[in-house]
Structures are given as C-alpha cells and as structure tokens.
Amino acid sequence: LLFAYPGVGLSGPPVVRTSFSALADRTAGLMDAIGLRRADVLGWSMGGFVAQQLGARHPERVRRLVLAGTNPGGPATVLGPRADQR
C-alpha cells in the first residue's frame, strides 16, 4: 500500500502546518480505517521521518521497519552539501 500524506500531491487541500509525529498518527489512523493491524513499513526520504515516528509512537503497528534514503531529523541532522541536496 502506497499513499500520499494529507495535502501532498493530489490528496486534497494543502496542510498549512503539520509534523512528522502528526503524519505518523494519521498513518496509524489509515491503518485502522482499512483494518490493517500491523505492517512491514518502508519509509523512503521524508517517509523515513514519518516511519520512525510511527515506530516510536505506535510500535504495536510496525512489524518490521525499513528506512531508506532518510535521516533521523532534529537539530543534529547533517544533510550534506547543498549541491547534493539540489
């Protein structure tokens, strides 16, 4: 299952402010809505931030967690040279 976060892509009106923890809670809510008790979760890029929060906030929902092309976030994050980020 692949989905867009609220306000991302064509998923509806833009969300003015949100957080990775709020997106993790919305993800858990989606899992409830479709009857998915536990899942193997792959978080890529920004999804990795959300996946980490999902695992921390809702550990009973995550069977396996795979993080790809992401980082831990927060003030200690090192993103690399600007040219690479572009």
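Our subject is the structure listed above.
Residues numbered from 1 in each chain as written. Predicted model: local features only at pLDDT ≥ 70, side-chain atom pairs only at ≥ 80, totals over all residues. Heavy atoms only, no water.

A. Structural detail: helix 2 (residues 46–57). Helix length check: helix 2, at 12 residues, gives a terminal C-alpha distance of 17 Å against a target of 16 Å (1.5 Å per residue), a fit within 8%. Within the sequence span of helix 2, burial applies to Gly47, Gly48, Phe49, Val50, Ala51 and Leu54. (Helix = DSSP H or I, 4+ residues; strand = E, 2+ residues; numbered from the N terminus. Expected span 1.5 Å × (residues − 1). Buried < 20%, exposed > 50% of the residue type's maximum accessible area, 1.4 Å probe, protein only.)

B. Representation of the pairing of strand 2 (residues 62–68). Pairing geometry for strand 1 (residues 39–44) and strand 2, over 6 bridges, is parallel. Across the sheet, aspartate 40 pairs through a bridge with arginine 64, a residue of strand 2. For the handedness criterion, the β-α-β arrangement of strand 1, helix 2 and strand 2 is classed as right-handed. (Pairing = 2+ DSSP bridges. Right-handed = clockwise from strand over helix to strand, strands pointing away.)

C. Structural detail: the packing of helix 1 (residues 20–34) against helix 2. Where helix 1 contacts helix 2, the two axes come as close as 8 Å, and the packing angle between them is 70 degrees. Compared by their axis directions, helix 1 and helix 2 come out roughly perpendicular. For the pair helix 1 and helix 2, the crossing hand works out as right-handed. Along its contact with helix 1, which presents Phe20, Ser21, Leu23, Ala24, Asp25, Thr27 and Ala28, the element helix 2 presents Met46, Phe49, Val50, Gln53, Leu54 and Arg57. Taken together, the residues of the contact of helix 1 with helix 2 sort by class into 8 nonpolar, 3 polar and 2 charged. (Axes fitted to C-alpha atoms, helices over the stretch in contact; angles between N-to-C directions. Parallel < 35°, antiparallel > 145°, perpendicular 65-115°, else oblique. Left-handed = near helix turned anticlockwise from the far one by under 90°. Contact = heavy atoms within 4.5 Å. Nonpolar A, V, L, I, M, F, W, Y, C, P; charged D, E, K, R; others polar.)

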